[in-house]
Structure formats: C-alpha cells, structure tokens
Amino acid sequence: MNLYATQLECLLVILGLGTLLTDAFRPGGDRRKLGYLLATLVTITLLYSFTLAPTADTFFHGMYRLDSFALFFKRLFLLATAFVLLMGAEFVERFETGVAEFYALVLLAATGMLVIASVNDFILLFVALELVTITFYILTAFLRRQVQSLEAGTKYLILGALSSGFTVYGIAYIFGTTGTTNFDKLATLLSAGGSGSAFLLGMLLVLTGLGFKVASVPFQIWAPDVYQGAPTPVTAFLAVGSKAAGFALLLRVMLAGLLPVSAVWMPVLLVLAAATLGYGNLGAISQRNIKRLLGYSSIGHAGYMLMGLAAGNALGSQAVLFYLGQYAFTNLCAFLVIIAVGREEIADYAGLGKRSPILGAALFLAMASLAGIPPLSGFFGKFQLFAAVIEAAQTNWHYYILAGIGAGAVVVSLYYYFNVGRAIYIEEAKDTTPIPVSLPVRAGLYVCMLAMIGLGIYQQPLVEAATLAAGIFGLK
Amino acid sequence: MTSEITLNHYLWVSGLLFALGIAGVVIRRNALVIFMALEMNLNAANLALIAFSKYNKIVDGQVLVFFIIAIAAAEVAVGLAIIVALFKRKQTVSVNELNSMRL
C-alpha cells in the first residue's frame, strides 16, 4: 500500500536511474532524441497521474499524504519536468558533456518535488527538500567551464545551505517544544494549548528557511544571479518547479500544521510579502539581461503569491494554487523562447517578431501574462489574489496597505515587461536572419500559449482543481 | 546548588554554535570557510535535536539527526566539487570575486 501511494515517485526514479545507465550501454547515442523520449515518457506519467484518486489516508506512519493537494502539485511538477527535459534536448549542443547525467538529475530533482507535494512530517520535509536543493546545486553549476554558471552554483550553494540550517534549526525547536514532527499531531497539540516563545522562534526560522525556495525576503538575494548564470533549462526548472515546491511546503506547513498559531505568522507573512513585492519589482526596472529580469520578476511573483498565503482565507490559498498553475505555463513559454533564440540580452530580441513570428508572439504573450494584462491567465490569477487580500482586509485594515503595495508593483512591472514587448515588435532588428524553431519546441509553445489564453478566458477547470486541492485545509 | 547539566545548557551551546555559524557566513570571505560555518549550523541543530530527544524521551529527533548527517555529507561532496571547479576556473575562492554578473 505504501509503495502504491508512491508509484509516481518510483516511476521517476526508475526513469532517472535508467537514463544514467544509457551512458554505460549506449555511449555516443543521440542525446537529443533521448531528451525527447524522456519528455514523452514524463508526459505519459502525467496523463497516468490523472487515473489516481486522492485519499484521506496517510502512509509511512503518517509521514506521507496522497490527497487532492498532493496530486495537484504532483501534476504541476510532472508538467514542468516534461518541459524542462524538452528544453534540455534543445540545449544539447551547449552542454559539453554529461547530457544523460543532466536528464537524470532533472528526473531525480523532480522525484524530490513529488515527495514534497505529499510531505506530512518535518523529517520527510527536510529529506525531500534537500534532495531537490542538493540536486539543484549540481544543475546550476552544470556548465562547469563557464564562470557564470560556477558563480551561480556557489551562490546557490551558500545561500541554500544557510537556509537549510535555518529550517533544520527551526525544526529542532518545534520538535523540542511540542515533542512531535508530524503536521497532524502538531495541529492538534497547538489547538489544544498555547505556544511558548521557543516554539515561535522555531516556527519563524522554518518560515524564513522555506522562503529561500520561493525566493522571498530575506532569502531572495540569490535569485537574479542564479537565474542569469544557470543553464537556461535549469533556470526554467527553478522558476517553475522549485518555486512551486517551496509554495507547496509553505502552504502545507502553515495551513495544515501551524494553522492554530496563524495569528503569529500572518503578520510576518504580510510584511515579507510586501518586502518581496518591492524588492523584485524595483530591482527589475533597470535590467538588460532577460534571464536576470525574469529572476527579479520571479521574486516579484513570489510576493504576489505570498499575498494570497498571508490573507489566510480559502480564496487566498486557492488563488495561490491557480496562480502557480498558470505561472508555470507562462514561464515555460518565456524560457522556451529564450532557449530557441539562444541570446540573453534584451537588445538581442529587437525585431524578434519579424525574425520569427511564433517566437515573438509567444514571448510577447508571456510578458503580457506576467504583467497581468487581460484576457490572459496572469490577469485572472492576480485578480483572485487581490480579491483574497481585500477579503482579509475586511477584518484587518493592514491588508489594505498590502493590496496598495501590490497594485503599485503591478504598475511598475508594466514598464519592464513592456520594455521586452517593445524590443520584440517596435525596435528594428540588427540581425534579420530568421530563427529556426524545431517541431517539439513549436508544439511546446503552442501548448503554453493555448494555456495562457485558454485559462485567461475559461478559468473554470483550473479554478475547480485548485479549490478542491486547497479544500483539504478547511479554511473559510 | 547542584551542578547538573540540564537541557538549557545544551541549548545554550547549540545556540552559540548556530550564532558562530551565522557570524562565519557573514564575516568570512573565503568560500571554504563559509562552507565550514554552514556545516556548523547543521551541527548546532543536531545538538539541539539530540538534547531535546534525550530530555523529552522521544526518539524522533535522533532519527532526524541521522538524516541530517547523511544529507550534510552529500551536501559537502557536491559543495566542495563546485568550489574546486570554481577555483580551477578563477584561481580564487574569495566570494568578493564572484562578480561576473553585475548589471
């Protein structure tokens, strides 16, 4: 029964280890085709995951859950992994060696993310979190002859290890003061009795430590450098997979385990959300490298989603899930274009609309969706998050300030997203050679664009899935 | 006055280790020394977990300690490899020199 619950993880581990073996049995094989094959297999796994039914049972002595929340995130991670493998296949020529290892590491990191979706205990939380984080250290520094990639890896390593230290020290205090590491038992204990200052210290340490994954203040400083320096498929995985994993953990820990003490962490999250919004959006204004711009933008978007979590109501947590879902398509679309173009300065994107209409349109749509222009999915996502904050403001006027800061952030973000849009359609190209787009990338771009427009106009399916997933927390 | 070692003594030592670790990360500029300080943070948590386990008589904390030790070893293996690769490329491991990606 335990093994049955973890079948998706098992599948990915088998795929990952099998991929490692290809170097031993078929050295010099076509690595690009291998990437396409793996992306297809992960897509099949994604489709298969829809046959699994959520259950209220726990597995592995209460450590692991397979509820609708876990399944929602597992599907999101599988989707991201399939796209990242596709990107890896397109990136093959730019890796010097070890393409099969790259695919294997992506699959193993994805396994960690799938476990994160199901975490119900601090011990499993730490192990799954580190599986993802340590794999990402390697992936970030994967282009080991390039200074930028190595610098990005070192920065990610130092800040990642620091945040792990915070998390685990916080877990020690939570365990020490309550005597349990299980989220369910923790919630029961906390709702029965008060909590001392040692416990609150532990909780704040865990909160800040988990903030590293989503790139929120005070652990946001790595994002611009690491996004810029890492190989582009890894950057995409960081922006879509790793960030969603961070939010899966934050939601689960805060809303399942620590909900009885929400009066303490909500104000903290409110301040963190405001600071993250400000840092990300102000930092993005003057950027000239598109990956670095998306790094700052990802900090900004972490701020929007923290708004939903800080609101602490049913609408807020559902809005975070919807936002993560549509944010995945939007970011994957942008990074697919960046990989196809192969250049990183925003100036290099001048005249992209003429050089390759599909790439130009895809990047333009992605930027417009990130900026929150209707009728794209980013608009509806932001709309829900702001609605959740306004709802929370009915009982606590401080949330109006947060909504104000969020609105200011949206206005600022219009400027830098449309800088990219202007480059695509208004500026003249210096180099007018058309850019070839391979068939799989074309297919990926169509899926993403369809999702961005489709989820903007007809939000119902994703909203329903998000409502079902967030329903397990029983918020009002 | 008894001179027994209590839970608080362990926690003070662990807190001191953690503070030293943070100070090391903030003050030192050598990536290797910073990495050493980061490992100290994890060990501070280990000490706290073991002390809590012993005084609360619940074994879960010690189980977590085993995982932390194993994970810290993996982290060191990967971390040192990255720092060595960085040294080969740049001939320095000072974090002040990690500045190829400014605006």
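Residues numbered from 1 in each chain as written. Chains lettered and ligands numbered in written order. Predicted model: local features only at pLDDT ≥ 70, side-chain atom pairs only at ≥ 80, totals over all residues. Heavy atoms only, no water.

A. Region of the structure containing the overall build of chain A. Across its full length, chain A carries 20 helices and 2 strands. Here chain A has a C-alpha radius of gyration of 21 Å; the compact-globule value for 476 residues is 23 Å, and the two agree. If one aligns the C-alpha atoms of chain A with their principal axes, the spans along those axes are about 70 × 55 × 40 Å. The buried share among the 476 residues of chain A stands at 67%. Pairs at least 24 residues apart make up 80% of the contacts formed inside chain A by residues separated by at least 6 positions. When the accessible surface of chain A is split by element, carbon and sulfur atoms take 68% of a total near 15,700 Å². Taking the 26 positively charged and 22 negatively charged side chains of chain A as two groups, their mean positions are separated by 2 Å. (Helix = DSSP H or I, 4+ residues; strand = E, 2+ residues; numbered from the N terminus. Rg over C-alpha atoms; globule rule 2.2 N^0.38 Å. Buried < 20%, exposed > 50% of the residue type's maximum accessible area, 1.4 Å probe, protein only. Contact = heavy atoms within 4.5 Å. Areas by Shrake-Rupley, 256 points an atom, 1.4 Å probe, with all protein chains shown as cover. Lys, Arg positive; Asp, Glu negative; His and termini not counted. Charge placed at Lys NZ, Arg CZ, Asp CG, Glu CD.)

B. Up close: the layout of surface pockets. One number sums up the size of the largest pocket: a volume of about 880 Å³. With 9 residues, the single largest contributor to the lining of the largest pocket is helix α4 (residues 68-90) of chain A. Of the residues contributing to the lining of the largest pocket, the split by class is 25 nonpolar, 6 polar and 1 charged. Both domain 1 (1-160 + 221-252) and domain 2 (263-476) of chain A contribute no fewer than three residues apiece to the lining of the largest pocket. By volume, the second largest pocket amounts to about 500 Å³. Along the walls of the second largest pocket sit 21 residues, with Lys155(A), Leu159(A), Ile221(A), Arg29(B) and Val95(B) positioned nearest its centre. Elements with a minimum of two residues in the lining of the second largest pocket: α7 (147-178), α10 (222-229) and α13 (290-311) of chain A together with α1 (7-27) of chain B. Here the lining of the second largest pocket takes 5 residues from α7(A), the largest share from any one element. By residue class, the composition of the lining of the second largest pocket is 13 nonpolar, 3 polar and 5 charged. (1 Å grid on protein atoms, 1.4 Å probe; cavity = no way out; pocket = protein on both sides within 12 Å on 5 of 7 lines; lining within 4 Å. Points joined across faces, edges and corners; volume = space filled by probe spheres on them. Nonpolar A, V, L, I, M, F, W, Y, C, P; charged D, E, K, R; others polar. Domains from an automatic or database assignment.)

C. Region of the structure containing the packing of α1(B) against helix α2 (residues 31-56) of chain B. Residues and elements named next belong to chain B. The interhelical angle for the contact between α1 and α2, taken along N-to-C directions, is 165°, at an axis separation of 8 Å. Our classification of the angle between α1 and α2 gives roughly antiparallel. Between α1 and α2 lies a crossing of left-handed hand. Judged by residue contacts, Leu7, Tyr10, Leu11, Val13, Ser14, Leu17, Phe18, Leu20, Gly21, Ile22, Gly24 and Val25 of α1 engage Ile34, Ala37, Leu38, Met40, Asn41, Ala44, Leu47, Ala48, Ala51, Phe52 and Tyr55 from α2. Among the residues making up the contact of α1 with α2, the classes are represented as 19 nonpolar, 4 polar and no charged. (Axes fitted to C-alpha atoms, helices over the stretch in contact; angles between N-to-C directions. Parallel < 35°, antiparallel > 145°, perpendicular 65-115°, else oblique. Left-handed = near helix turned anticlockwise from the far one by under 90°.)

D. Structural context of the packing of aromatic side chains. All told, the structure shown has 33 aromatic pairs over all chains when counted by the stated rule. Aromatic side chains Phe73(A) and Phe77(A) sit 5.9 Å apart centroid to centroid with 35° between the ring planes, which places their arrangement in the tilted category. Separated by 4 residues within a single helix, Phe73(A) and Phe77(A) lie in helix α4, roughly one turn from each other. Side by side, Phe73(A) and Phe77(A) carry an identical accessibility label, which is buried. Taken together, a centroid distance of 6.5 Å and an interplanar angle of 85° make the contact between Phe212(A) and Phe219(A) edge-to-face. Classification of Phe212(A) as buried rests on a relative accessible area of 2%. Through successive ring pairs, a cluster of aromatic residues spans Tyr137(A), Tyr156(A), Phe166(A), Tyr169(A), Tyr173(A), Phe212(A), Phe219(A), Trp222(A), Tyr227(A), Phe18(B) and Phe52(B). (Phe/Tyr/Trp six-rings, centres within 6.5 Å; stacked < 30°, edge-to-face > 60°.)

E. Quick look at unusual backbone geometry. All names here are of chain A. Along the chain, Val217 connects to Pro218 via a cis peptide bond; the corresponding omega equals 5°. Tracing the chain through its elements places Pro218 in the loop between α9 (197-214) and α10. One non-glycine residue, His61, lies in positive phi territory at about 55°. Its place among the elements puts His61 in the loop between β1 (58-59) and β2 (64-65). Taking the relative accessible area as the measure of exposure, His61 reaches 84% and is therefore exposed. At Ala215, a residue that is not glycine, the phi angle is positive and equals roughly 60°. If you trace the backbone, Ala215 turns up in the loop between α9 and α10.

F. Broad picture of a nonpolar patch on the surface. Residues and elements named next belong to chain A. The grouping of Ile390, Trp397, Tyr400, Ile401 and Ile405 at the surface amounts to a nonpolar patch, some 490 Å² of accessible area in total. Per-element accounting of the nonpolar patch gives the leading share, 3 residues, to helix α18 (residues 398-425). When you line up the elements, Ile401 lands in helix α18. Take Ile401: its relative accessible area is 46%, and that puts it in the partly exposed class. (Patch = residues over 30% accessible without salt bridge, like charges linked within 9 Å, V, L, I, M, F, W, Y side chains within 5 Å. Salt bridge = Lys/Arg side-chain N within 4 Å of Asp/Glu carboxyl O.)

G. Fine view of the side chain of Gln220(A). In this fold, Gln220(A) is placed in the loop between α9 and α10. In this view, Gln220(A) contacts Ala215(A), Tyr279(A) and Ile299(A); residues no more than four positions away in its chain are not counted.

H. Seen up close, the interface of chain B and chain A. Counting from both sides, the interface comprises 44 residues of chain B and, opposite them, 40 residues of chain A. Each partner contributes to the roughly 3,700 Å² buried at the junction of chain B and chain A, and carbon and sulfur atoms together form 78% of this total. Inspection of the chain B/chain A interface yields 1 salt bridge. Among the elements of the structure, α1, α2 and α3 (60-90) of chain B are those that each provide at least two residues to the side of chain B that touches chain A. Here the side of chain B that touches chain A is built from residues that sort into 29 nonpolar, 9 polar and 6 charged. (Buried area = accessible area lost by both parts, 1.4 Å probe.)

I. Structural detail: the environment of Ala236(A). Assignment of secondary structure puts Ala236(A) in helix α11 (residues 232-257). Non-local contacts of Ala236(A), meaning those with residues more than four positions away in its chain, are made with Met87(A), Gly241(A) and Phe335(A).

J. Local environment of the packing of α11(A) against α13(A). Residue and element names in this part refer to chain A. For the pair α11 and α13, interaxial distance at closest approach is 12 Å and the crossing angle is 15°. With respect to each other, α11 and α13 are oriented roughly parallel. For the crossing formed where α11 meets α13, the hand is right-handed. Contact residues: α11 offers Thr232, Thr235, Lys243, Phe247, Leu250, Leu251 and Leu255, while α13 offers Lys291, Ser298, Ile299, Ala302, Met305, Leu306 and Leu309. Of the residues assigned to the contact of α11 with α13, the class counts are 9 nonpolar, 3 polar and 2 charged.

By themselves these figures say nothing about function.
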